[in-house]
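Breakdown of the fold
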Amino acid sequence: MDEPGTYLWEPRCPAEAELRALRDSVFWQRPELEEGARQEWEALLRSADLDAEQFIDGFNEVVGEYEAARRVLELFREAQEGGLRGTHTEPDPDPRPGRVTDPVGSAPVADGPVPDGTTAEPGPDADRFLNLAIVWPLSRKTVPADRVLAAGRSYELRVDIGALSAESLLAERPRPFPGDLLDHTDDDGRGDWLEATVLGDDFAVPVRRHGIFLPQTGSSWVCPCPPHAPHACEPVHRGAHLYIPFTTLGEPGPARLHLLVSYRGNQVQSAALTALVGAAESRGGDTVATVDYTLTAGFAQLATLPARTAAVRVGRPDGGAMTIDVIGQNGPVSSFWLTEHQVRGALKDVRGALFGVHAVNREDGSLENLIDENNGKPAGDLRRDLAALAHKGADLFLLLARSKPEREALRQALKAPSEIQICQEELGHLTFPWSLLYDIPLDTGVRPAPCDAGWAEIERRDAARSCPAESGHGRNTLCPFGFWGYRHFIEQPPSAAPGRRLRLWAGREGEAPALTLARSLTVDAPLMDHHVAQLRRHFVLGGVRECDRKEVLRQALVDAAGACVYFYAHGRRPDPLTDAPATTVLEIGQGERVTPRDLASWADTSPDPDRDEVAPLVFLNGCHTLDSDPASWLTFVEAFSAFSAAGVVGTEIMIEQGLANEIGEQFWEQLLLGEAVGPALHKVRMTLLRKGNALGLAYTAYCSAALRLRVAA
Ligand SMILES: [Zn+2]
Ligand SMILES: [Zn+2]
Ligand SMILES: [Zn+2]
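Residues numbered from 1 in each chain as written. Chains lettered and ligands numbered in written order. Predicted model: local features only at pLDDT ≥ 70, side-chain atom pairs only at ≥ 80, totals over all residues. Heavy atoms only, no water.

1. Here's the deal with the nonpolar core
The biggest cluster of nonpolar side chains holds 85 residues, and the ones touching the most others in it are Phe667 and Trp668. Broken down by element, the residue count for this core peaks at ten residues, all from helix H6 (residues 379–400). The two domains that each donate at least three residues to this core are domain 3 (340–486) and domain 4 (505–709). For Phe667, the residues in contact, after removing those within four places along its chain, are Leu617, Phe619, Val649, Val677, Ala680, Leu681 and Val684. Counting residues in each nonpolar core, the second largest holds 38 residues, with Leu130, Trp136, Phe203 and Ala289 among its members. (Core = buried A, V, L, I, M, F, W, Y, C linked by side-chain atoms within 4.5 Å. Buried < 20%, exposed > 50% of the residue type's maximum accessible area, 1.4 Å probe, protein only. Helix = DSSP H or I, 4+ residues; strand = E, 2+ residues; numbered from the N terminus. Domains from an automatic or database assignment. Contact = heavy atoms within 4.5 Å.)

Here it is, written out as C-alpha cells:
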C-alpha cells in the first residue's frame with residue numbers, strides 16, 4: 001500500500017474510499033496531523049478482515065480521539081468540494097457535486113485501458129522513455145497543456161517509463177531512459193526498483209519517495225510490493241502508472257516542480273515542469289516539461305559506488321538557471337534555483353574573502369602575505385578569518401535555501417557528517433563554492449561567539465568532522481564544523497564521456513605511482529628546490545619526471561607517463577589577443593603558456609591505447625609569489641578528461657608558494673599512503689586549521705571522494 005491508488009480490495013464503504021483518497025492526498029502530510037491518527041488510520045486501511053461497519057467505527061474513533069485529524073479531514077473535504085466547484089472550463093474532471101465518495105484507486109487494476117498508448121509494450125530493444133502528464137484526480141484524464149491550473153487545487157502527476165506516450169509532456173524532446181545502466185538485480189534479476197520523488201516550492205507536494213518497478217524490458221509498473229523485495233503481486237494488481245498528488249498554492253503565476261527518478265539514491269533521470277497557475281482553470285495555460293538530467297555512463301558503476309548520504313544534482317535547463325536538488329537519505333530535501341549571475345557573484349565574493357585571509361593590499365600597491373613562515377596564523381586571527389568566511393558562507397546558504405522550510409530541511413538532512421555527491425551534467429564554466437557553505441544562523445555585522453567545544457575538537461582529533469556541542473549551536477555561533485568543507489566530504493565529479501565511468505582508482509595496476517611534474521621556473525628557486533626534493537622522497541618508487549618545457553610536458557602526457565600529474569605552476573589571466581576569454585592559462589617553464597586548447601590538441605593528435613588504463617590524478621597547485629590572479633581551473637577539468645584523468649584537484653585562488661608546497665606535499669603523501677581524495681583533502685584542511693590557517697577551504701576536488709591511487713604492493 002505504499003503507492004497511491006493501489007489496494008487489493010474494493011473499498012468496503014464510502015468512508016474507506018474517502019480515507020484512501022485522504023491517504024493519497026497532500027493533506028496526509030500536514031504537520032499537525034497526529035502520528036497516532038495516521039497510524040490508526042493506516043492500520044484500518046491494512047486490515048483485510050474488517051466489515052464495513054467495523055471500518056466505519058474505527059474511522060470515527062480516530063476522528064473523535066484526535067483533534068487535528070478531525071480538522072485535517074474537514075480541510076480535505078473542503079478542498080475536494082472547492083476543487084470540484086472551481087472548474088470553469090471543459091472538460092470538467094468530475095461534475096458530481098458534494099463530498100468525494102468516489103472509490104479512488106479502488107479497482108484492483110489501477111488503470112483501465114489507457115487511451116494515450118502507454119500500454120503499448122515497447123519492443124525488447126526499443127528505447128524507453130519517462131512519460132509525464134498532469135491529470136485531474138478521480139477522472140485521471142489528462143489536463144491539456146494549454147490549461148491554466150487553478151490555485152489551491154489538487155492534481156496528480158502521472159508517471160511511467162515505457163514506450164513514448166503521445167500525451168507525455170516530454171514527448172516533444174524525448175530522451176531515452178538509461179535503463180541499461182541499472183544493475184538488474186531486483187526481483188531475482190528481472191528488473192530494477194526505482195524511486196520517484198517530486199520537489200518544488202511552488203506546489204504542495206507530499207515529501208516521500210514512490211517506488212516504481214522497471215522490468216528489464218517492457219513498461220514500468222506500480223504494485224503493493226515493498227521495494228527491492230521480489231514481487232508477490234499478480235499482474236492484475238499492477239498499475240501502469242504512478243500517480244503523485246500535488247496541490248497548487250494560492251499565488252497565481254508560473255509554478256515549477258521537479259520529478260526525479262533515482263536508483264538506490266543515485267539519480268538516473270529528472271524532468272523540470274513549469275505550469276501556469278491562475279485563480280481558476282482556463283485556457284491560455286502553457287505547461288511545459290523537459291528532461292534536464294540523464295545519467296550517463298560516467299556515473300554508471302552504480303553498484304560499486306559508495307552509498308551517498310546526500311546527493312546534490314545540479315542541472316542547467318534551457319533558462320540558463322542552475323537547478324540544485326538536494327536528496328537526503330530519507331527523501332528529497334528541496335529544489336533550489338540559482339541564476340548564472342548569482343553563481344558568478346557568489347564565487348567572486350568567496351574568492352575575495354579567501355584572498356583576504358591570505359593577503360592584504362599595502363598602501364604602495366604591493367601585497368603583504370598574512371600567513372607566517374610556519375604557514376599558520378595566531379589564534380585570534382583565525383577567529384577573525386573564520387568569522388569573515390562564515391558571513392560569506394551564510395550568504396551562500398541563504399542564496400541556496402531561501403525559505404525557512406528549505407533551510408530547516410537542508411540543516412536537518414546534512415546535520416551529521418555526510419558524503420555529498422554533486423552531480424553536474426555539464427560542468428560548463430560554473431562551480432559553486434560548496435565547502436564554504438555555513439549553516440549556523442548568523443546576523444549580519446555581528447562578531448559570532450566561538451564554540452569552545454568545536455575548537456577543542458579540532459585540537460583533539462585531526463580527522464574530526466562534527467562538533468560535540470552541535471546541539472548547542474545557537475544563533476551567531478562560530479564553529480568550524482558549521483562549514484560544509486570541515487564537516488562533509490564533498491565530491492564533484494564531472495560527468496565523463498559516454499562509455500567512461502566515474503573513476504575510483506587512478507594509476508596502473510601493479511605499478512608504483514610516478515609523478516609528472518609541470519613546473520614554473522619563474523618562482524622562488526630555493527622554495528621550489530626544497531619542494532621537488534620532498535616530492536622525490538615521496539615518489540621514491542615511481543619517480544618524478546620534471547617538465548620545464550611545454551614540449552616535454554606534451555610528451556609526458558601523451559606517453560601517459562605518470563599516475564599523478566602535478567602542476568606546480570602559475571595561473572595567468574588569458575591574453576585577450578591570443579587566448580579564449582574566461583580561461584585560465586597555466587604558465588610553466590620560462591613563461592610558456594598552456595591552455596585547455598593545447599591539451600585538446602595534444603590529446604586529439606596522439607593515440608591513447610594506455611591512457612585509459614592509467615587514468616591519472618591531476619593536481620593543479622596554483623602558486624606564485626603572491627598575487628590576485630584568477631585561478632579558475634574548470635576549463636582544465638574538462639580538458640584533462642581528454643587524457644582520461646580520474647580526477648582534478650585545484651585551488652580557487654592563487655596560493656603563496658611556501659603554503660602551496662606544504663599543501664601539495666601533504667596531499668600527495670596521503671594519497672601515496674592509500675588515502676582517498678575526500679579524506680586526504682579533509683586532512684590537509686584540518687592540519688592547516690590547527691595552525692590557524694583556513695585556506696584549506698580554497699581547494700576543490702573534481703572527482704569521486706573515494707578516488708584512490710593504485711599503490712603497488
Ligand atoms: Zn509487485
Ligand atoms: Zn561547535
Ligand atoms: Zn601572478
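The discussion continues.
2. A short note on the coordination of the zinc ion (ligand 2)
Donor atoms from the polypeptide that bind the zinc ion (ligand 2) are Cys451 (SG), Cys467 (SG), His473 (NE2) and Cys479 (SG), placed at 2.0 to 2.3 Å. Every donor counted, the four donor atoms about the zinc ion (ligand 2) form angles of 105 to 119° at the centre, which fits tetrahedral coordination. All donors to the zinc ion (ligand 2) come from one chain, and their sequence spacing reads C-x15-C-x5-H-x5-C. Note that Cys467 is positioned in the loop between helix H8 (452–460) and strand S19 (477–478) and Cys479 in the loop between S19 and helix H9 (484–487), a separation of twelve residues in sequence. (Donors = N, O, S within 2.8 Å, 3.2 Å for Na, K, Ca; no water. Tetrahedral: all angles 85-135°; square planar, octahedral: opposite > 155°, others 65-115°.)

3. Describing the pairing of strand S25 (residues 585–588)
Neither face of S25 is open: one carries Val585 and Glu587, the other Leu586 and Ile588, and all of them are buried. The sheet contact formed by strand S24 (residues 564–572) and S25 spans three bridges and is antiparallel. Paired with Arg572 across the bridge in S25 is Val585. With three bridges connecting them, S25 and strand S26 (residues 592–594) associate as antiparallel partners. Residue pairing for S26: Glu587 is matched across the bridge by Arg593. Hairpin connection from S25 to S26: three residues lie between these consecutive antiparallel strands, with Gly589 at a positive phi of about 55°. (Pairing = 2+ DSSP bridges.)

4. Some details on the sheet that holds strand S7 (residues 242–248)
Pairing within the open sheet is antiparallel, and its four strands lie in the order S1-S3-S7-S5. The strands lining the two open edges of the sheet, one partner per strand, are strand S1 (129–135) and strand S5 (203–204). Direction of pairing for S1 relative to strand S3 (residues 154–162): antiparallel, over a ladder of seven bridges. Bridging across to S3, Leu132 finds its partner in Val159.

5. Concerning unusual backbone geometry
Residues other than glycine predominantly adopt negative phi, and peptide bonds predominantly adopt the trans conformation. Look at Arg140: it is not a glycine, yet its phi comes out positive at around 55°. With respect to the helices and strands, the residue Arg140 is situated in the loop between S1 and strand S2 (147–150). The residue Asp188 is not glycine, and still its phi comes out positive at about 55°. With respect to the helices and strands, Asp188 occurs in the loop between S3 and strand S4 (191–199). According to the relative accessible area criterion, Asp188 is exposed, its value standing at 61%.

6. So, the packing of helix H15 (residues 657–672) against helix H16 (residues 677–690)
One can describe the packing of H15 onto H16 by two numbers: an axis separation of 9 Å at closest approach and a directional angle of 140°. Judged on the interaxial angle alone, H16 and H15 are oblique. Seen along the crossing, H15 lies across H16 with a hand that is right-handed. Here H15 contributes Leu659, Glu662, Ile663, Gln666, Phe667, Gln670 and Leu671 to the contact with H16, which in turn contributes Val677, Ala680, Leu681, Lys683, Val684, Thr687 and Leu688. Its residues assigned to classes, the contact of H15 with H16 shows nine nonpolar, three polar and two charged. (Axes fitted to C-alpha atoms, helices over the stretch in contact; angles between N-to-C directions. Parallel < 35°, antiparallel > 145°, perpendicular 65-115°, else oblique. Left-handed = near helix turned anticlockwise from the far one by under 90°. Nonpolar A, V, L, I, M, F, W, Y, C, P; charged D, E, K, R; others polar.)

7. Remarks on the packing of aromatic side chains
Inspection of every chain in the model, using the stated rule, returns 20 aromatic pairs. With 5.6 Å between their ring centres and 20° between their planes, Trp41 and Phe59 make a pair best called stacked. A residue pair is termed long-range when its members are at least 10 positions apart, and Trp41 in helix H2 (residues 35–46) and Phe59 in helix H3 (residues 52–65) qualify at 18 residues. For the pair shown, Trp41 and Phe59 are each scored as buried. (Phe/Tyr/Trp six-rings, centres within 6.5 Å; stacked < 30°, edge-to-face > 60°.)

8. Brief notes about a negative patch on the surface
A surface patch of like charges, here negative, comprises Asp51, Glu53, Asp57, Glu61 and Glu65. Within the element layout of this structure, Glu65 appears in helix H3. (Patch = residues over 30% accessible without salt bridge, like charges linked within 9 Å, V, L, I, M, F, W, Y side chains within 5 Å. Areas by Shrake-Rupley, 256 points an atom, 1.4 Å probe, with all protein chains shown as cover. Salt bridge = Lys/Arg side-chain N within 4 Å of Asp/Glu carboxyl O. Lys, Arg positive; Asp, Glu negative; His and termini not counted. Charge placed at Lys NZ, Arg CZ, Asp CG, Glu CD.)

9. Regarding helix H1 (residues 14–23)
In terms of burial, H1 is largely enclosed, as nine of its ten residues are buried. Those residues of H1 that fall on the buried side of the exposure criterion are Ala15, Glu16, Ala17, Glu18, Leu19, Arg20, Ala21, Leu22 and Arg23.

10. Examining H2
The first and last C-alpha atoms of H2 sit 16 Å apart over twelve residues, in line with the 16 Å expected at 1.5 Å per residue. Residues Ala37, Arg38, Trp41, Glu42, Leu44 and Leu45 constitute the buried set of H2. Burial along H2 is one-sided: seen end-on, the buried residues are contained in an arc of 155°. (Expected span 1.5 Å × (residues − 1). Arc of directions from axis to C-beta.)

11. Some remarks on the pattern of salt bridges
Side-chain pairs of opposite charge can arise whenever the charged atoms involved come near each other. Here the structure, examined in full by the defined rule, presents 34 salt bridges. For Arg30, the salt bridge is made with Glu32, and the minimal N-O distance between the two is 3.0 Å. We classify Glu32 as partly exposed; its relative accessible area is 30%. Notably, a salt bridge pairs Arg153 with Glu281, separated by 3.3 Å at the nearest N-O pair. One end of the pair, Arg153, is in the loop between S2 and S3; the other, Glu281, is in the loop between strand S9 (266–278) and strand S10 (282–283), and 128 residues separate them in sequence. Arg153 gets classed as buried once you look at its relative accessible area, which sits at 6%. Three or more residues joined by partner-sharing salt bridges are found here, namely Arg23, Asp24, Glu42 and Arg46.

Honestly, it's all geometry; don't read function into it.
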